Amino acid sequence: MEDCETLDLLRLEGRYMKFIVETMSELNLLEHVEKCETCRDKVRKAMENDQHLADFGNLFEKTVEDETVPQHSDYKNPDNFMDARIQWRKRRLKQLLENAELELQDLRKRVKN
């Protein structure tokens, strides 16, 4: 039995759309944490106590092997560290989002043909 390329492309389109929604959701969470003092307090306390925050993965962990990530040792103020990590992650997410949207546009063109 022959596979239908259009059906495969539609499935792939759905995966891209799901990824885009999840990425936008993470961006929204990060933008909220930038402004919400209650959430910032929670992150600050977790960092002080070396506690993992499941909502943010390892974003606020003090030790990360990736050298492109702002390092805790470079910041004296926890708020500056938190802001640096948030800004770093937002830049990465925006780039991923841009790439995914371009791929999605390409997929949609292929589905139409």
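Structure report, in brief.

It is worth spelling out the nonpolar core at this point. Judged by nonpolar contacts, the single largest core of 21 residues is most densely connected at V43, F56, F60 and M82. Where this core is concerned, the elements lending two or more residues are α1 (5–35), α2 (37–48) and α3 (78–112). In terms of residues, this core owes the most to one element, α3, which gives 8 residues. Among all residues touching F56, those that are not within four sequence positions of it are L30, V33 and V43.

Moving on: α1. End to end, α1 covers 45 Å across 31 residues, agreeing with the expected 45 Å (1.5 Å per residue, within 8%). Turning to α1, its buried residues number three or more, namely L9, E13, I20, T23, L27, L30 and V33. Contacts made by the buried residues of α1 are with α2 and α3.

On to the packing of aromatic side chains, then. Within this structure, the stated rule accounts for 2 aromatic pairs. Measuring from ring centre to ring centre gives 5.4 Å for F56 and F60, while their planes differ by 75°; the resulting arrangement is edge-to-face. Owing to a relative accessible area of 19%, F56 belongs among the buried residues under this scheme. A residue is classified by how much of its surface remains accessible, and F60, at 6% relative accessible area, is buried.

Turning our attention to the side chain of R40. By secondary structure assignment, the location of R40 is in helix α2. In this structure R40 touches V33, E34, D79, M82, D83 and I86, once residues within four positions along its chain are discounted.

Moving on, we come to the state of the cysteines. Enumeration over the complete set of coordinates arrives at 0 disulfides. Free of any disulfide, C39 has its nearest cysteine sulfur in C36, 3.6 Å distant.

Applying the stated criterion across every chain yields a total of 11 salt bridges. For R108, the salt bridge identified is with E13, shortest N-O distance 2.7 Å. With R108 in helix α3 and E13 in helix α1, the pair connects residues that are 95 residues apart, well separated along the chain. The class of R108 is partly exposed, set by a relative accessible area of 36%. By relative accessible area, which is 14% here, E13 ends up buried. Note that E26 and R89 form a salt bridge whose closest N and O atoms lie 2.7 Å from each other. Of this pair, E26 sits in helix α1 while R89 sits in helix α3, and the two are 63 residues apart along the sequence. Overall, E26 belongs to the partly exposed group, its relative accessible area being 27%. Look at the salt bridges and you will find they share partners, linking E37, R40, D41, R44, D79 and D83 into a network.

With that out of the way, let us pick up the packing of α1 against α2. α2 packs onto α1 with a crossing angle of 95° between their chain directions and a minimal axis gap of 6 Å. Our classification of the angle between α1 and α2 gives roughly perpendicular. Along its contact with α1, which presents H32, V33, E34 and K35, the element α2 presents E37, C39, R40 and V43.

Conventions used here
- Residues numbered from 1 in each chain as written.
- Predicted model: local features only at pLDDT ≥ 70, side-chain atom pairs only at ≥ 80, totals over all residues.
- Heavy atoms only, no water.
- Core = buried A, V, L, I, M, F, W, Y, C linked by side-chain atoms within 4.5 Å.
- Buried < 20%, exposed > 50% of the residue type's maximum accessible area, 1.4 Å probe, protein only.
- Helix = DSSP H or I, 4+ residues; strand = E, 2+ residues; numbered from the N terminus.
- Contact = heavy atoms within 4.5 Å.
- Expected span 1.5 Å × (residues − 1).
- Phe/Tyr/Trp six-rings, centres within 6.5 Å; stacked < 30°, edge-to-face > 60°.
- Disulfide = S-S within 2.5 Å.
- Salt bridge = Lys/Arg side-chain N within 4 Å of Asp/Glu carboxyl O.
- Axes fitted to C-alpha atoms, helices over the stretch in contact; angles between N-to-C directions.
- Parallel < 35°, antiparallel > 145°, perpendicular 65-115°, else oblique.

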